[in-house]
Amino acid sequence: MNVLLDYLPEFRDGFLGTLAITASSGLLALVLGVLIAGFRVSPIPPLRAFGTGWVTVLRNTPLTLLFLVAFFVVPQILFQGASPFVLATLALGFYTSSFVCEAVRSGINTVPLGQAEAARSIGMTFTQTLRLIVLPQATRTVLAPLSSILIALTKNSAIAGAFSFAELFSVSKLLNDKGYTVAWIFLWTALGYLVITFSISGLFRLLERRMGVAR
Amino acid sequence: MSGASVLYDVPGRKAKARNRVYTVLGSLALLGLLAFAFLRLNSRGQLDPEVWNIFNNAGVRTGIRDGVLTTLQVFAVAAVLSLALGALLAVARLSVHKPVSWLATSFIELFRAVPLLITIYAVWVTLLANRDSLGLGGSGPQFWALVIGLTVYNGAVQAEVLRAGINAVPTGQREAAYALGMSKTQVMVTVLIPQAVRAMLPTIISQLVVTLKDTSLGYIITFEELLFTARQMSTNIIVNGNDTYVPVIIVTGSIYVGMCLALSSLANWIERRGRRTRTGIAVASAGEPVTAADAMEVAEAVPGGPAAKQD
């Protein structure tokens, strides 16, 4: 009990750190994921191949390895001296984007055939069909998997704590090193994550209710 | 919608020409990106032959081999234990004895909600504090922390997968079994679980891929599996005044991707095989994102049975 009260500022900073890294990498993952999903269904072969390769490689790479890549290989190519926040966002965002891409793609597949056919028959191009007709309707089915992907992202963000970014895991590490009871630290950190994951699932339930259409 | 071709018309002459232009532009952009990365790495001397020559060193090779073996060892132990725990938890959660079911439910929900890394770290700290009384020496605490963490987390997820599978078995099966006079245990063990496992095999294997990927968390608790070995080698081996992160990470990355791809293609193969046969309940899809908590979404997509309620 005392651990939380004694180290409230640390816990607060850690919580905000987790929140920040989740939000930024979630945003990156959403943008990239939708873009790559567009690539994967596009009429242009190299883009399709790129999308497939992207998803296959990123989905089968351990996230810890991606963190190593972001922290040791990426600076060799770009972004020298970038903050751990930026690098961790890159690793988490890229990793999660492959899952977002797959969710969006299966969402696109649930939109009835007639919709895309109708869009084409009134002369819409591929981009128009996707942007105006298919994606808005796919959103509804994508919401549910998206919520669990973001929850997984929140939990994965703990790895950023091991790579010198201040968030909840690094707080728990710090307090463990100071010799406090493991069980309490574990419970309080878990509570911090639970707050975020419950808010995410609540937010998505709200969104689903607002966007849901009885079919 | 099979194949995305419904999203665009069959290209005519103009569209074909346009697509060809985009194809060229797209390939050029991709090649440009690759060439940029290549040139940057080259200018930093990361692609020099001497740098890559380290893989001809016997020590490096044994290091990588030992790393792979340790990773596979952790994976094997954790996979077996998590499947056992998963079966146990699934049955316990479906138990008619309220306390048992309540206990299993809270266990599953707690450990599914907590990041795996936090669990592993907490177990590690606990084991380290009690290493003498537990008789763990060397890398024992790390190994068991990793195994226990993976087991607890993946066991919870596998339990949910299995429970969804059990719930997807048509009620007639259960009723028929009871009508024959089978006991609760018999119904569960000989009727429900075999069908559930069969239907959920692709999802179970996809979760095993997650287990395999998560063994790399051992890196953070300084357990000498593949990733940690790689990191150590790349810091220790200095070629031309540079550390060797780039080659070592590229090689270990390929090993990881290869191992995971092999397992996922097994899941996909079983799914395709299951779809061909027409007996029993439908086989769940393997390709769904089974990152962590979303095993249930896959399970709910199983046709032919009442989807398990989850909240």
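These numbers were taken from a predicted model, which means no experiment stands behind them.

K.L.:
Could you clarify how one ought to interpret the overall build of chain B in this entry?
P.N.:
Each helix and strand counted, chain B has 12 helices and 2 strands in total. Scanning chain B from its N terminus toward the C terminus, one meets helices and strands in the order α-α-α-α-α-α-α-α-α-α-β-β-α-α. Expressed as a percentage of its 311 residues, the buried residues of chain B come to 44%. Of all intrachain contacts in chain B linking residues separated by at least 6 positions in sequence, the fraction that spans at least 24 positions is 72%.

K.L.:
Got a minute to help me understand the interface of chain A and chain B in this structure?
P.N.:
Accessible area lost when the parts come together is the quantity often used to give the size of an interface. Taken together, the 52 residues of chain A in the interface contact 50 residues of chain B. Within the residue set of the side of chain A that touches chain B, elements represented by two or more residues are helix H3 (45-59), helix H4 (63-77), helix H5 (84-110), helix H6 (113-121), helix H7 (126-156), helix H8 (158-162), helix H9 (168-177) and helix H10 (182-211) of chain A. When residues of the side of chain A that touches chain B are assigned to their parent elements, the largest contribution, 11 residues, is made by H7 of chain A. Looking at the side of chain A that touches chain B residue by residue, the classes come out as 36 nonpolar, 11 polar and 5 charged.

K.L.:
Is there a simple way to think about the UniProt feature "transmembrane region" (unreviewed entry) in chain B in this case?
P.N.:
Feature annotation in UniProt assigns "transmembrane region" (unreviewed entry) to the following positions: residues 21-39, 72-91, 103-124, 144-166, 187-210 and 245-270 of chain B. Segment residues 144-166 of chain B splits into 100% helix and 0% strand. End C-alpha atoms: 31 Å apart.

K.L.:
Mind showing me how you'd approach H9 of chain A here?
P.N.:
Three- or four-residue spacings in an α-helix give side chains the same orientation, since the helix completes a turn every 3.6 residues. All names here are of chain A. With respect to burial, H9 is a largely interior element, 8 of its 10 residues being buried. Turning to H9, its buried residues are Leu 168, Phe 169, Ser 170, Val 171, Ser 172, Lys 173, Leu 175 and Asn 176. Backbone geometry just downstream of H9 places Gly 179 in the positive-phi region, at approximately 90 degrees.

K.L.:
Whenever I open this one, the confidence of the model for chain A confuses me. Can you help?
P.N.:
Caution applies to low-pLDDT regions: their predicted coordinates should not be interpreted in detail. Per-residue confidence for chain A gives a mean pLDDT of 84; residues scoring 70 or more make up 97%. Confidence, expressed as mean pLDDT per element, reaches its minimum in chain A at helix H1 (residues 2-6) of chain A with 72 and its maximum at helix H2 (residues 8-40) of chain A with 89.

K.L.:
Can you help me understand helix H5 (residues 116-129) of chain B in this one?
P.N.:
Residues and elements named next belong to chain B. Taking 1.5 Å of rise per residue, the 14 residues of H5 would be expected to cover 20 Å, and the 20 Å separating its terminal C-alpha atoms lies within 8% of that figure. The element H5 is extensively covered by neighbouring structure, given that 10 of its 14 residues are classed as buried. Turning to H5, its buried residues number three or more, namely Leu 116, Leu 117, Ile 118, Thr 119, Ile 120, Tyr 121, Ala 122, Val 123, Trp 124 and Val 125.

K.L.:
Which parts of the structure should I look at to understand the nonpolar core?
P.N.:
Among soluble globular proteins, nonpolar side chains are generally buried collectively. In this structure, Leu 66, Ala 91 and Val 104 of chain A together with Leu 117, Ile 118, Ile 120 and Leu 146 of chain B are the most contacted members of the largest nonpolar core, which totals 136 residues. The element contributing the most residues to this core is helix H7 (residues 140-168) of chain B, with 16 residues.

K.L.:
Help me out: how do you make sense of the UniProt feature "domain: ABC transmembrane type-1" (unreviewed entry) in chain B in this one?
P.N.:
Sites flagged by UniProt as "domain: ABC transmembrane type-1" (unreviewed entry) map to residues 68-267 of chain B. In residues 68-267 of chain B, the share of helix is 82% and the share of strand is 2%. The end C-alpha atoms are 21 Å apart.

K.L.:
What am I meant to see in the packing of helix H3 (residues 58-93) of chain B against H7 of chain B here?
P.N.:
Residues and elements named next belong to chain B. In contact at an axis separation of 6 Å, H3 and H7 are set at 45 degrees when each is read in the N-to-C sense. Regarding the angle of H3 to H7, the classification is oblique. Seen from above, H3 lies across H7 with right-handed handedness. Classifying every residue of the contact of H3 with H7 gives 17 nonpolar, 6 polar and 2 charged.

K.L.:
What exactly am I supposed to notice about the UniProt feature "transmembrane region" (unreviewed entry) in chain A here?
P.N.:
Residue and element names in this part refer to chain A. Feature annotation in UniProt assigns "transmembrane region" (unreviewed entry) to the following positions: residues 15-39, 60-79, 85-104, 142-165 and 185-207. With 100% helix and 0% strand, residues 15-39 has end C-alpha atoms that lie 35 Å from one another. End C-alpha atoms of residues 142-165 are separated by 31 Å, and the span's content is 83% helix alongside 0% strand.

K.L.:
I keep staring at the environment of Glu 50 of chain B and nothing clicks. Help me out?
P.N.:
Residue and element names in this part refer to chain B. Tracing the sequence through the fold places Glu 50 in helix H2 (residues 49-52). Sequence-wise, Glu 50 and Asn 240 are 190 residues apart; in three dimensions their C-alpha atoms are separated by 8.1 Å. Setting aside residues up to four positions removed in sequence, Glu 50 forms contacts with Val 239 and Asn 240.

K.L.:
Where do I start with unusual backbone geometry in this structure?
P.N.:
Phi is mostly negative for residues that are not glycine, and the peptide bonds are mostly trans. In the Ramachandran plot, Thr 222 of chain B falls in the positive-phi region, its phi being about 55 degrees despite a non-glycine side chain. Topologically, Thr 222 of chain B is positioned in the loop between helix H9 (184-214) and helix H10 (226-236).

K.L.:
Can you walk me through the packing of H2 of chain A against H5 of chain A in this structure?
P.N.:
In a packed pair of helices, the relevant descriptors are the angle between the two axes and the axis-to-axis distance. Residue and element names in this part refer to chain A. At a minimum axis separation of 6 Å, H2 and H5 run at an interaxial angle of 45 degrees. Judged by the inter-axis angle, H2 sits oblique to H5. Between H2 and H5 the crossing geometry is right-handed. Considering only residue class, the contact of H2 with H5 consists of 16 nonpolar, 7 polar and 2 charged.

K.L.:
Where do I start with the environment of Leu 263 of chain B in this structure?
P.N.:
All names here are of chain B. Inspection of the secondary structure puts Leu 263 in helix H11 (residues 245-276). Along the chain, Leu 263 and Arg 112 lie 151 residues apart, while their C-alpha atoms are 23 Å from each other. Leaving out residues up to four positions away in the same chain, Leu 263 has contacts with Ile 205, Leu 208, Val 209 and Leu 212.

K.L.:
Help me understand the confidence of the model for chain B, please; the structure alone is not making it clear to me.
P.N.:
All names here are of chain B. Of all residues in chain B, 86% have pLDDT values of 70 or greater, and the mean over the chain is 80. Across chain B, element-level confidence peaks in helix H8 (residues 171-179) with a mean pLDDT of 90 and bottoms out in helix H12 (residues 295-300) with 39. This prediction of the complex comes with two scores: 0.81 for pTM and 0.81 for ipTM.

Parameters at a glance
- Residues numbered from 1 in each chain as written.
- Chains lettered and ligands numbered in written order.
- Predicted model: local features only at pLDDT ≥ 70, side-chain atom pairs only at ≥ 80, totals over all residues.
- Helix = DSSP H or I, 4+ residues; strand = E, 2+ residues; numbered from the N terminus.
- Buried ≥ 20, exposed ≤ 12 C-beta atoms within 10 Å, placed from the backbone.
- Contact = placed C-beta atoms within 7 Å.
- Nonpolar A, V, L, I, M, F, W, Y, C, P; charged D, E, K, R; others polar.
- UniProt positions renumbered as here; feature names shortened; annotations may be inferred.
- pLDDT = per-residue confidence, 0-100.
- Expected span 1.5 Å × (residues − 1).
- Core = buried A, V, L, I, M, F, W, Y, C linked by C-beta atoms within 7 Å.
- Axes fitted to C-alpha atoms, helices over the stretch in contact; angles between N-to-C directions.
- Parallel < 35°, antiparallel > 145°, perpendicular 65-115°, else oblique.
- Left-handed = near helix turned anticlockwise from the far one by under 90°.

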